[in-house]
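Report on the structure
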Amino acid sequence: MLAESEVHHKSEDVDARVLSDVVAALNRRVTISHEFDIPYIAGYSLDAKTVYIDRHLPLTLKAKNKAVRIEPFLVCHEIVEKALLDELRLHYLHAHQIASRIERDAVRTSGIRWVDYQRFMKRHEKAIDEETLKKVPADLDLTPYKDLDDYALLRRLTKARS
């Protein structure tokens, strides 16, 4: 796949159309799995080839009387975060901040209000974090949990790995 063929809109300014191209390009680069229990809603494999989205998270958000798929925004966040961790060796909190801002802009570009998207995520995040972990991918990157010193969750994740 040639990167040039993915560029449908060209601008050196911050441009919503270009960002839409970016989100689509990022989503084509990974496999997406909805088969596992993933604390914090989403994560990624050690080799960055798979983005995991918690199996209990609804696939769509209702906004402006239409169902909008949320997967592209989560994938965008996870890929950027993983690249910053692996390539630049940033701490998770810094990588997460940058990835969240890109996710926010992608959400806004799609016409969804960020506050509505966040409300949707927060509504599902707590239940996901408190669930009993039954099915966790063996190759889930545990860096975010380690960097946050979330040792109780790390123990639960390690125990539930497939």
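Preceding this paragraph is the structure being described.
Every value quoted in this text rests on a predicted model; they were computed, and no experiment measured them.

About the thresholds
- Residues numbered from 1 in each chain as written.
- Predicted model: local features only at pLDDT ≥ 70, side-chain atom pairs only at ≥ 80, totals over all residues.
- Heavy atoms only, no water.
- Helix = DSSP H or I, 4+ residues; strand = E, 2+ residues; numbered from the N terminus.
- Buried < 20%, exposed > 50% of the residue type's maximum accessible area, 1.4 Å probe, protein only.
- Contact = heavy atoms within 4.5 Å.
- Areas by Shrake-Rupley, 256 points an atom, 1.4 Å probe, with all protein chains shown as cover.
- Salt bridge = Lys/Arg side-chain N within 4 Å of Asp/Glu carboxyl O.
- Phe/Tyr/Trp six-rings, centres within 6.5 Å; stacked < 30°, edge-to-face > 60°.
- Pairing = 2+ DSSP bridges.
- Arc of directions from axis to C-beta.

**Remarks on the overall build of the chain**
When helices and strands are tallied, the chain shows 6 helices and 5 strands. Helices (α) and strands (β) of the chain occur, in sequence order from the N terminus, as α-β-β-β-β-β-α-α-α-α-α. Across the 162 residues of the chain, 43% fall into the buried class. Contacts in the chain between residues far apart in sequence, at least 24 positions, make up 56% of those at least 6 positions apart. Element-wise, carbon and sulfur atoms account for 53% of the exposed surface of the chain, whose accessible area totals about 9500 Å².

**Topic: the pattern of salt bridges**
Applying the stated criterion across every chain, the model contains 8 salt bridges. A salt bridge links aspartate 86 to lysine 82; its shortest N-O distance comes to 3.0 Å. Separated by 4 residues within a single helix, aspartate 86 and lysine 82 lie in helix α2 (residues 71-88), roughly one turn from each other. When its relative accessible area of 29% is taken as the criterion, aspartate 86 is described as partly exposed. Ionic pairing is found between arginine 113 and aspartate 116, a salt bridge with its closest N-O pair at 2.9 Å.

**Digging into the packing of aromatic side chains**
In this description, a pair of aromatic rings is defined by centroid distance and the angle of the planes. Scanning the model with the defined rule gives 4 aromatic pairs in all. An angle of 25° between the planes, with centres 5.1 Å apart, marks the rings of tyrosine 40 and tyrosine 145 as stacked. Of this pair, tyrosine 40 sits in the loop between β1 (31-33) and β2 (42-44) while tyrosine 145 sits in helix α5 (residues 143-147); the two residues are 105 residues apart in sequence, bridging distant segments of the chain. The exposure class assigned to tyrosine 145 is buried, which follows from its relative accessible area of 2%.

**Details of the pairing of strand β5 (residues 66-69)**
With 4 bridges joining them, strand β4 (residues 60-63) and β5 adopt antiparallel strand pairing. In the sheet register, threonine 60 faces β5, and the bridge partner there is arginine 69.

**Observations concerning helix α6 (residues 151-160)**
Buried residues of α6: Leu153, Leu154, Leu157 and Ala160, and no others. Viewed along the axis of α6, the buried residues span an arc of 140°, placing them on a single side of the element. Among the exposed residues of α6, those oriented more than 90 degrees off its buried face are Arg155 and Lys159. Those residues of α6 that are buried are in contact with α5.

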